[in-house]
Amino acid sequence: MDKSEIKQAGIKQIVEETLFHTLTVEESLNKLETGMNGLDDEKVAQRREIFGINELQEGKKRTILGMFAEQFKSVMVIILIIAALISGFLGELTDTIIILAVVLLNAVLGVVQESKAEKALEALKNMSKPFSKVKRNGEIKSIKSADIVPGDIVLIEAGDIVPADMRLIECASLKIEEAALTGESVPVEKTTEQIADSDVVLGDRKNMAYLSSSVTYGRGLGVVTATGMKTEVGKIAGYLTTYENEETPLQKKLGELGKYLSIGVIAIAVIMFIVGILEGREYLNMFLTSVSLAVAAIPEGLTAIVTIVLAIGVQKMARRNAIIRKLPAVETLGSTEIICSDKTGTLTQNKMTVQKVYFDNNISSADEAKMDSYSAEILMQIMTLCNDSRYERIDKDKFKVSGDPTETALVDFAAIKGFHKDEKERDLPRVGEIPFDSDRKLMTTIHKLSNGKYRIMTKGAPDMLIERCTEILFIDKTEPLSDKILSMISEANKAMAYKALRVLAMAYRDVGQIPEDMTSENVEKNLVFAGLVGMIDPPREEVKAAVQVCKEAGIRPIMITGDHRDTAAAIARELGIADDDSSVITGRELDKISDEDFFEEVEKYSVYARVSPEHKVRIVKAWKNKNKIVAMTGDGVNDAPALKTADIGVGMGITGTDVSKGVSDMVLADDNFATIVAAVEEGRKIFSNIRKAIQFLLSANMGEVLTLFIATLLNWNILSPIHILWINLVTDTLPALALGVEKAEMDIMKQKPRKSSSSIFAGGLGTNIIYQGILEGLLTLGAFYIARTLYSPEVSITVAFSTLGLIQLTHAFNVRSDRKSIFQIGLFSNMYLIGAIATSVVLQLIVIVIPELNGIFRVVQLDARQWLLVLAFSLAIVPVVELVKLFQRSFRTSK
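A word on the nonpolar core
At step 1: Core analysis: the biggest nonpolar cluster contains 134 residues, and Ile489, Phe529, Leu532, Met666 and Phe673 have the highest contact counts within it.
At step 2: Looking at this core, the element that brings in the most residues is helix 28 (residues 673-713), giving 16 residues.
At step 3: Non-local contacts of Leu532, meaning those with residues more than four positions away in its chain, are made with Lys356, Val357, Tyr358, Pro462, Ile489, Ala492, Asn493, Met496, Val503, Leu504 and Ala505.
At step 4: Counting 44 residues, the second-largest nonpolar core is a separate cluster that includes Leu23, Phe51, Leu56 and Val617.

Considerations on the environment of Gly403
At step 1: One can find Gly403 in the loop between strand 13 (399-402) and helix 16 (405-416).
At step 2: Given the relative accessible area of 29%, Gly403 is considered partly exposed.
At step 3: In this structure, the C-alpha to C-alpha distance between Gly403 and Tyr391, residues 12 residues apart in sequence, is 9.0 Å.
At step 4: Dropping the residues within four chain positions of it, Gly403 is found in contact with Arg390 and Thr408.

Examining a nonpolar patch on the surface
At step 1: Among the surface-exposed residues, Ile266, Val270, Ile274 and Leu278 lie close enough to one another that they form a single nonpolar patch of about 410 Å² accessible area.
At step 2: Among the structural elements, Leu278 can be located in helix 10 (residues 249-278).
At step 3: Taking relative accessible area as the criterion, Leu278 reaches 71% and is therefore assigned exposed.

A few points about the packing of helix 28 against helix 31 (residues 793-814)
At step 1: Across the interface, helix 28 lies against helix 31 with an axial gap of 10 Å and an inter-helix angle of 155 degrees. Regarding the angle of helix 28 to helix 31, the classification is roughly antiparallel. Remark: the crossing between helix 28 and helix 31 carries right-handed chirality. Only Leu804, Gln808, His811 and Ala812 of helix 31 make contact with helix 28, whose side of the interface consists of Phe696, Ser699, Ala700 and Glu704.
At step 2: Classifying every residue of the contact of helix 28 with helix 31 by side-chain character gives four nonpolar, three polar and one charged.

Focus on the pairing of strand 11 (residues 362-365)
At step 1: Here strand 10 (residues 353-359) runs beside strand 11; their pairing, made up of four bridges, is antiparallel. Within strand 11, the residue paired with Val357 across the bridge is Ser364.
At step 2: Between strand 10 and strand 11, which pair antiparallel in sequence order, lie two residues; one of them, Asp360, sits at a positive phi of approximately 55 degrees.

Considering unusual backbone geometry
At step 1: Not every positive phi belongs to a glycine, and Ser173 is a case in point at roughly 50 degrees.
At step 2: Tracing the backbone through its elements, the reader meets Ser173 in strand 4 (residues 165-177).
At step 3: Given a relative accessible area of 27%, Ser173 falls into the partly exposed group.

Focus: the side chain of Glu407
At step 1: If you trace the backbone, Glu407 turns up in helix 16.
At step 2: Discounting chain neighbours no more than four positions away, the residues touching Glu407 are Cys386, Asn387, Asp388, Ser389, Met443 and Lys459.

Focus on the sheet that holds strand 21 (residues 556-560)
At step 1: Taken together, the eight strands give an open sheet; going across it, the order is 8-26-25-24-9-21-23-22, and neighbouring strands pair in mixed fashion. Strand pairing shows two members of the sheet lacking a second neighbour, strand 8 (322-324) and strand 22 (584-586), which therefore form its edges. Strand after strand, the sheet turns through a mean of 20 degrees between neighbouring axes, direction not considered.
At step 2: Bridging between strand 8 and strand 26 (residues 666-668) involves three bridges; their strand directions are antiparallel.

What counts and how
Residues numbered from 1 in each chain as written. Predicted model: local features only at pLDDT ≥ 70, side-chain atom pairs only at ≥ 80, totals over all residues. Heavy atoms only, no water. Core = buried A, V, L, I, M, F, W, Y, C linked by side-chain atoms within 4.5 Å. Buried < 20%, exposed > 50% of the residue type's maximum accessible area, 1.4 Å probe, protein only. Helix = DSSP H or I, 4+ residues; strand = E, 2+ residues; numbered from the N terminus. Contact = heavy atoms within 4.5 Å. Patch = residues over 30% accessible without salt bridge, like charges linked within 9 Å, V, L, I, M, F, W, Y side chains within 5 Å. Areas by Shrake-Rupley, 256 points an atom, 1.4 Å probe, with all protein chains shown as cover. Salt bridge = Lys/Arg side-chain N within 4 Å of Asp/Glu carboxyl O. Axes fitted to C-alpha atoms, helices over the stretch in contact; angles between N-to-C directions. Parallel < 35°, antiparallel > 145°, perpendicular 65-115°, else oblique. Left-handed = near helix turned anticlockwise from the far one by under 90°. Nonpolar A, V, L, I, M, F, W, Y, C, P; charged D, E, K, R; others polar. Pairing = 2+ DSSP bridges.

This is the structure in structure tokens:
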């Protein structure tokens with residue numbers, strides 16, 4: 001290795017391992033072997049070779065063909081394909097085509113949904129600003145952001161997107177909004193000062209600027225410390241490329257069901273074949289009978305029915321502003337036990353808003369404050385004129401304010417009270433100013449009054465401003481600032497701070513002429529205190545009710561934010577997420593807890609403040625390790641890994657970044673937390689309806705298996721493969737779909753979430769399937785036995801075929817509720833089911849009534865007495881199941 005290679009390796013190690021926020025400006029420049037004039041062309045070329053281009057790399061893309069192939073990996077689909085091949089081998093080509101069509105439809109729907117996820121990294125990649133101002137060879141140049149390398153000196157100003165991670169080396173009132181990366185709702189005031197603490201979280205590294213964050217105020221100069229995938233955003237992108245998707249609970253349950261069915265099918269078919277051979281039957285005849293039994297045991301329509309029921313649910317949820325990107329996510333959301341929600345923009349409005357005002361020794365809420373006195377007029381003058389936000393009037397009653405969120409909140413409040421910035425700027429033009437700086441924490445402007453005098457207006461941190469005040473404005477006159485008055489101001493400040501409001505103080509002084517010495521010491525003195533203003537990013541109005549509904553539904557809401565502890569705690573208390581501060585923990589405190597201890601303590605905490613993206617993932621994983629189904633809501637880049645890690649990621653459609661929406665399973669079109677509640681209800685209803693469809697199909701198929709199995713043992717020739725296939729693909733499918741749109745039960749959101757570890761057959765479903773399947777089989781065999789005794793073999797087969805088909809249709813009414821009587825829920829309350837049953841009855845009757853179809857289906861015409869026999873046994877299942885439900889209700893009541 002030559003000297004140049006050693007040097008290149010050294011600079012790469014320095015860039016990757018150095019914590020630049022802990023270094024001084026000079027140390028940072030030296031480490032990166034650069035200076036205030038920037039890099040020369042030779043160094044730029046060398047570093048581009050070392051670090052590559054400043055772009056986010058994509059993960060290995062899945063092809064459409066690859067995604068299509070993945071749809072055929074589930075056991076259920078494999079069983080269906082095998083059944084189709086066997087049916088084709090036996091000459092039942094129509095059934096083969098139908099089964100394969102169902103499988104292909106399911107695969108196409110899956111590919112369409114999942115292909116959208118591949119666009120997530122592309123969206124993340126496109127967040128960077130295309131061009132940036134860079135200082136090279138002592139000259140400022142505009143270059144492509146992709147060409148930036150570590151060591152470059154970059155100029156940023158209001159409106160810019162930060163093109164790479166940088167150590168700031170010059171700041172002029174620089175503020176950067178990092179809400180999408182850190183969760184901080186207010187733009188961060190930047191500094192060039194060294195920060196000694198190496199463990200400080202991203203949100204507190206105030207001498208750093210990060211890729212994709214936006215400059216809202218001032219200007220600055222920074223030396224690039226990381227580019228591309230080595231930036232903080234790049235690390236998130238790298239995480240997204242390597243994370244593997246997990247199966248949802250519904251996918252796991254269907255896989256579990258498929259395994260059970262495959263084992264059962266093979267076992268029963270083998271037993272049937274052996275029994276038949278021992279009885280001396282022909283090998284071919286027994287093979288056909290065993291295949292018929294195998295086909296009967298597999299609910300061919302289940303996969304398609306589940307997909308269609310989910311798709312219908314997706315359409316309903318879209319009408320309620322919940323956009324589903326992956327079909328199984330509907331069910332997953334319905335079983336959610338934990339919702340980890342980002343605060344900024346999700347639980348709150350992502351807009352600073354004035355909440356309290358204090359003047360004339362009185363604290364008022366923003367809505368109730370009467371701003372019609374002289375003292376209120378002065379206070380609003382300072383709020384709007386000592387203010388750099390831009391005010392654009394669209395028409396008489398509409399206006400647009402842009403700038404720093406804190407300052408725009410002041411202007412918005414004044415405008416609501418009828419005090420408009422553009423009008424007052426004409427009346428009181430600005431003639432001088434002392435810009436805000438972080439040392440004195442004050443901003444001052446000077447305005448010309450109509451009487452020829454000048455008014456000094458100052459706003460800033462209460463502790464800094466009150467020290468410069470000697471009087472207070474009370475109603476329409478000034479009074480000296482006594483200790484008593486100072487105590488009252490202090491109490492008002494504390495009251496606002498307790499509610500986590502950001503408090504600003506306002507003061508003024510009238511002078512005869514503009515001060516010649518425009519220094520803080522000369523201008524910002526002997527001021528008259530005008531009042532206090534408290535602001536916060538407030539909760540969304542509908543969220544408190546949504547949180548309460550979540551709790552009633554057994555769902556625990558968790559707040560995870562990059563914002564400060566006090567702010568997070570105050571919002572959480574107001575929303576009902578936390579009762580006191582004991583359930584609040586910061587990211588730094590979390591770092592001191594081992595994974596083992598955190599696993600034990602995770603249930604203590606409802607609010608996590610000042611956290612990083614890694615913390616969010618750790619929190620989600622801790623809950624998942626407790627076998628909880630976890631949903632994560634979020635709108636920023638920082639939320640993407642946790643959205644991906646959670647069982648279901650919920651992105652925000654309006655305020656959300658393309659990245660967060662791209663990796664989410666569901667996107668809220670209205671950014672409304674309450675929409676999640678509607679989605680949970682829909683998800684629970686859908687899973688309940690899928691269980692009903694499974695109960696209907698499996699009890700019907702069990703009845704078919706039992707009928708064939710017992711008939712074989714008794715050496716009866718009862719049903720042929722075409723009979724079973726007709727019942728499965730026509731009689732079963734339509735009612736099962738209609739059950740999939742059954743209305744939700746009234747108390748569905750009062751029930752606790754089902755456990756992800758619980759079997760799909762839990763809650764009595766397995767028992768219902770078994771006894772109802774046995775009942776269907778016995779009733780069919782009973783009808784066949786009577787017909788066999790009284791009529792010809794052809795008639796008895798037709799009676800069995802008709803009874804088995806119609807008994808399943810009448811049984812569809814039974815499975816509409818596992819607890820309530822069909823007469824309680826109403827026979828006609830699901831008109832889709834009425835239509836489905838009517839259609840299926842017609843199809844069942846056609847093959848018997850129309851002579852031309854008799855030969856194809858191996859049936860004969862029935863007379864009136866034979867139809868009465870069929871009808872009696874078909875309807876008999878209803879009163880039996882009703883009696884069982886009555887017993888179950890009585891048993892539950894007695895407990």
